[in-house]
Amino acid sequence: MDKMIEFALNLGVGDARIISPDLIPVDDKFPGFCREPGCPGFNRSMSCPPNVEGPEWFRAEIKKYESVLVFKYDVPSTSLLGNERMDLMGLIHETAAAIETFARKNGCEKARGFAGGSCKESLCRDHLECRVLHGNRDCRNPGKARQSMSGMGVNFLELTRAMGWEMEVIAKETDPGAVPMGMVAGMVLLK
Ligand code: SF4
């Protein structure tokens, strides 16, 4: 497990910790927020609601795992509120996928990464449509794109608290002067 943490830190994450799956807060209402008030990624990829299994499945799934590596990047609020947001979301996908691949090669053959934000809005932003959803073909980014944590009902704010990470919610109306830093995070189930 130390190797997993070291690998994640070497990727440049701000922190990475391994916790019990029991500590992952899952709430049925979160996928609903992707629909209403709505996220631009809703129903635009195979990684986001309504095209992912959802909280009930995820609750059962995490019980099959021994532990979970959760990682975060601390990022300026101005980046989260500006054009860099989608680059940051892409970074979460790539980091989750890289840790998953490393874990699979190092004894956790069923490792599975989850990301934050839409892969359509980040990794496939230059394409009109998700190739899986609209073309019934392979994902353009199988080595990067991972399913959405929100789509699985993960309560991100509660998760950061469980990790001991201080975070304030960054929304459109947030004043970056008052809240200069935010956070993006992802996770990898380990077994
Ligand atoms: S093709 Fe693009 S939008 Fe569709 S699942 Fe893959 S990365 Fe996401």
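Scroll up to find the structure this text is about.
This one's a predicted model, so the numbers in the text were calculated from it and none came from an experiment.

Cut-off values and rules
- Residues numbered from 1 in each chain as written.
- Predicted model: local features only at pLDDT ≥ 70, side-chain atom pairs only at ≥ 80, totals over all residues.
- Heavy atoms only, no water.
- Near = heavy atom within 4 Å.
- Nonpolar A, V, L, I, M, F, W, Y, C, P; charged D, E, K, R; others polar.
- Buried < 20%, exposed > 50% of the residue type's maximum accessible area, 1.4 Å probe, protein only.
- Helix = DSSP H or I, 4+ residues; strand = E, 2+ residues; numbered from the N terminus.
- Arc of directions from axis to C-beta.
- Contact = heavy atoms within 4.5 Å.
- Phe/Tyr/Trp six-rings, centres within 6.5 Å; stacked < 30°, edge-to-face > 60°.
- Lys NZ or Arg CZ within 6 Å of the ring centre and 35° of its normal.
- Axes fitted to C-alpha atoms, helices over the stretch in contact; angles between N-to-C directions.
- Left-handed = near helix turned anticlockwise from the far one by under 90°.
- Pairing = 2+ DSSP bridges.
- Polar contact = N/O pair within 3.5 Å; in protein donor to acceptor, adjacent residues only side chain to side chain.

## Looking at the site of the ligand
Consideration 1: All residues in the neighbourhood of the ligand are listed as Ser 45, Cys 119, Lys 120, Cys 124, Cys 130, Arg 131, Cys 139, Arg 140, Asn 141 and Ala 145.
Consideration 2: For the shell around the ligand, the class distribution of residues is five nonpolar, two polar and three charged.

## Here's the deal with helix H2 (residues 30-38)
Consideration 1: If you check which residues of H2 are buried, you get Phe 30, Pro 31 and Cys 34. Along the axis of H2, the buried residues cluster in a sector spanning 140 degrees; they form a single face. Facing away from the buried side of H2, by more than 90 degrees, are the exposed residues Arg 35, Glu 36 and Pro 37.
Consideration 2: Along its buried surface, H2 packs onto helix H3 (55-62).

## Observations regarding the packing of aromatic side chains
Consideration 1: Applying the stated criterion across every chain, the model contains five aromatic pairs.
Consideration 2: Between the aromatic rings of Trp 57 and Phe 58, the centroid separation amounts to 6.5 Å while the plane-to-plane angle is 40 degrees, which identifies the pairing as tilted.
Consideration 3: For Phe 58, a relative accessible area of 0% corresponds to the buried category.
Consideration 4: Ring centres 6.3 Å apart and planes at 80 degrees place the aromatic pair Phe 71 and Tyr 73 in the edge-to-face group.
Consideration 5: Relative accessible area serves as the criterion here: at 8%, Tyr 73 is assigned to the buried category.
Consideration 6: What links up through ring pairs into an aromatic cluster is the set Trp 57, Phe 58 and Phe 114.
Consideration 7: A cation over a ring is seen here: Lys 191 above Tyr 65, with NZ or CZ 5.4 Å from the ring centre.

## Quick word on the packing of helix H1 (residues 2-11) against helix H5 (residues 85-105)
Consideration 1: H5 packs onto H1 with a crossing angle of 145 degrees between their chain directions and a minimal axis gap of 10 Å. Crossing of H1 over H5 shows right-handed handedness. Residue-level inspection shows Lys 3, Met 4, Phe 7, Ala 8 and Leu 11 of H1 in contact with H5, the latter providing Thr 95, Ala 98, Ile 99, Phe 102 and Ala 103.
Consideration 2: Across the contact of H1 with H5, the residue classes tally to eight nonpolar, one polar and one charged.

## Description of the sheet that holds strand S3 (residues 112-115)
Consideration 1: Sheet architecture is open: five strands sit in the order S1-S2-S5-S3-S4, paired in mixed fashion. Looking along the sheet, the strands with just one partner apiece sit at the ends: strand S1 (15-19) and strand S4 (147-148).
Consideration 2: Sheet topology note: the strand S2 (residues 67-76)/strand S5 (residues 181-190) ladder contains 10 bridges and is antiparallel. Residue pairing across strands places Tyr 73 opposite Val 184, the latter belonging to S5.

## Concerning helix H8 (residues 156-163)
Consideration 1: Taken together, the buried positions of H8 are occupied by Leu 159, Thr 160 and Met 163. Burial along H8 is one-sided: seen end-on, the buried residues are contained in an arc of 100 degrees.
Consideration 2: Taken together, the buried residues of H8 touch S1, S2 and S5.
Consideration 3: Its side-chain oxygen at 3.2 Å from the backbone nitrogen of Leu 157, Asn 155 defines the N-terminal cap of H8.
Consideration 4: A positive phi of about 80 degrees marks Gly 164, the residue just after H8.

Limitation: the analysis is restricted to geometry and does not speak to function.
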